[in-house]
Amino acid sequence: MCATCGCSGPLTHEHTVLIEQDVLARNDELARDNRAWLAGRRILAVNLMSSPGSGKTTLLERTIRDLSATMAIAVVEGDQETEFDAERIRATGCRAVQVNTGAGCHLDATMLATALRALDPPPRSTVFIENVGNLVCPALFDLGESRRVVVMSVTEGVDKPLKYPHMFRTADLVLANKVDLLPYLDFPLATFQAHLSRVNAHAPVLPLSATRGDGTSAWYDWLRAL
Ligand SMILES: Nc1nc2c(ncn2[C@@H]2O[C@H](COP(=O)(O)OP(=O)(O)OP(=O)(O)O)[C@@H](O)[C@H]2O)c(=O)[nH]1
Ligand SMILES: [Mg+2]
């Protein structure tokens, strides 16, 4: 729950808007500090955002296994509860810090600042931030990241960019995951791309399967080019 997305209770509209402006302005300041901290260490921070269960952790597990010989990687995991995802990442041999947001529905810049101090990523490394699974609130909170990646799974339907435009509008890249399931679904990729281009004209779409490995080389090329 957050005041910013309007789900915090019976406030008047005017009151909600004031809280929202305050919270976001303070967050933006802290995000600028994070961006400077990361830039000073030449660390690339990639914020992964999606609905719950679209495959963020599965993609990270595979990415770390495939790239860690050539790329220093560390991970910040965001979930309301549990250490499950950080444990999955650590099982690959990679450093991970879990942030639990409790009732919160997104990571914010303060949480990332605290997590980065605990993670202590080496200079010139890549830090993946797995945001809380939620297609609404995480989009509003700048963390100071270098890039934003939205992970869509094809089971979610082609209409999501139009229904959740804030999330898709600020994406630098959209991954269409679980393409191994396409034979069982109605998910015309061209329609999805057309919907995405109405809210975001620049973000490329990369189809992939985090479990089977299809499309991962294009994802790795995109990461290496950053
Ligand atoms: N068929 C198929 N299943 C996938 C793929 N990627 C992930 N999954 C499955 O989707 C489920 C959720 O995957 P996770 O990686 O935990 O998803 P997540 O986005 O990290 O989930 P939260 O952290 O809870 O938001 C698991 O059962 C995965 O095995 C894929 O490419 N194809
Ligand atoms: Mg996860």
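Everything that follows concerns the structure shown earlier in this document.
Residues numbered from 1 in each chain as written. Chains lettered and ligands numbered in written order. Predicted model: local features only at pLDDT ≥ 70, side-chain atom pairs only at ≥ 80, totals over all residues.

## Points about the overall build of the protein
Where we set the bar: Secondary structure elements are taken from DSSP: a helix is a run of H or I of four residues or more, a strand is a run of E of two residues or more, and numbering for both begins at the N terminus. With the radius of gyration taken over C-alpha atoms, the globule rule is written as 2.2 Å times the number of residues to the power 0.38. Any residue surrounded by 20 or more other C-beta atoms within 10 Å of its C-beta is treated as buried, while 12 or fewer makes it exposed and the intermediate range makes it partly exposed; C-beta atoms here are placed from the backbone. Whether two residues are in contact depends on their C-beta atoms, placed from the backbone: they are in contact if these lie within 7 Å.
If you tally the helices and strands in the protein, you get 8 helices and 7 strands. Taking 17 Å as the expected radius of gyration for a compact globule of 226 residues, we find that the protein reaches 17 Å, a close match to that expectation. Referenced to the eigenvectors of the C-alpha coordinate spread, the extents of the protein come out at roughly 45 × 40 × 30 Å. Here the protein, with 226 residues, has 42% of them falling under the buried criterion. When contacts within the protein are restricted to residue pairs at least 6 apart in sequence, long-range pairs at least 24 apart make up 73% of them.

## A few points about the sheet that holds strand E5 (residues 147-153)
Here is the rule: By the convention used here, strands pair only if DSSP detects at least 2 bridges between them. Axis lines are fitted through C-alpha atoms, for helices just across the contact stretch, and the angle between N-to-C directions can take any value from 0 to 180 degrees.
What the 7 strands build is an open sheet, ordered E3-E2-E4-E1-E5-E6-E7; its pairing is parallel. Every other strand in the sheet has two partners, leaving strand E3 (95-100) and strand E7 (205-207) as the edge strands with one partner each. Taking the axes of each pair of neighbouring strands and ignoring which way they run, one obtains an average angle of 20° across the sheet. Direction of pairing for strand E1 (residues 44-49) relative to strand E4 (residues 126-130): parallel, over a ladder of 5 bridges. If you follow valine 46 over to E4, its bridge partner there is phenylalanine 128.

## Considerations on the packing of helix H1 (residues 13-40) against helix H4 (residues 109-119)
Basically, it comes down to this: In what follows, roughly perpendicular refers to angles from 65 to 115 degrees, roughly parallel to angles under 35, roughly antiparallel to angles over 145, and oblique to any angle outside these ranges. Handedness of each helix crossing follows the sense of rotation of the near helix against the far helix: counterclockwise by less than a right angle gives left-handed, clockwise gives right-handed. Amino acids are sorted into nonpolar (Ala, Val, Leu, Ile, Met, Phe, Trp, Tyr, Cys and Pro), charged (Asp, Glu, Lys and Arg) and polar (every other residue, Gly among them).
Two elements in contact, H1 and H4, have axes separated by 8 Å at closest approach and are oriented at 30°. For the element pair H1 / H4, the angle class is roughly parallel. Crossing hand, H1 versus H4: left-handed. Here Asn27, Leu30, Ala31, Asp33, Asn34 and Trp37 of H1 come into contact with H4, specifically with Ala109, Thr110, Leu112, Ala113 and Leu116. Within the contact of H1 with H4, the residues separate by chemical class into 7 nonpolar, 3 polar and 1 charged.

## Description of unusual backbone geometry
In this structure, threonine 82 is a non-glycine residue whose phi angle is positive, near 80°. Tracing the sequence through the fold places threonine 82 in the loop between strand E2 (73-79) and helix H3 (84-90). Residue classification places threonine 82 among the exposed positions, given that 11 C-beta atoms sit within 10 Å. A positive phi angle, near 70°, is found at lysine 178, a position not held by glycine.

## Points about the site of ligand 1
Short version of the rule: A residue counts as near a molecule or strand when its C-beta atom, positioned from the backbone, falls within 6 Å of it.
As a structural note, the neighbourhood of ligand 1 is formed by 18 residues, with Gly55, Lys56, Thr57, Thr58 and Gly133 the closest of them. Broken down by element, the residue count for the shell around ligand 1 peaks at 3 residues, all from helix H2 (residues 56-67). Its residues placed into classes, the shell around ligand 1 shows 3 nonpolar, 10 polar and 5 charged.

## Digging into the pairing of E2
Among the 7 residues in E2, 7 count as buried, and that is most of the element. Pairing of E2 with E4 involves 5 bridges; the strand directions are parallel. By the bridge assignment, alanine 74 is partnered in E4 with valine 127. Of the pairings in the sheet, the one linking E2 to E3 comprises 6 bridges and is parallel in character.

## Some words on H1
How we decide: Between the first and last residue of a helix there are one fewer steps than residues, each counted as 1.5 Å, and that sum is the expected span.
Along its 28 residues, H1 runs 40 Å from first to last C-alpha, staying within 8% of the 40 Å computed at 1.5 Å per residue. The complete set of buried residues in H1 reads Asn27, Ala31 and Leu38. Taken together, the buried residues of H1 touch E1 and H4. With its phi angle positive at about 55°, arginine 42 sits one or two positions after the end of H1.

## Re the pairing of E5
Burial analysis of E5 places 6 of its 7 residues in the buried class, which makes it a mostly covered element. Both E1 and E5 contribute to a ladder of 4 bridges, which runs parallel. Residue pairing for E5: valine 46 is matched across the bridge by arginine 147. Pairing geometry for E5 and strand E6 (residues 173-177), over 5 bridges, is parallel. Each residue of the ladder has a partner; that of methionine 152, found in E6, is alanine 176.

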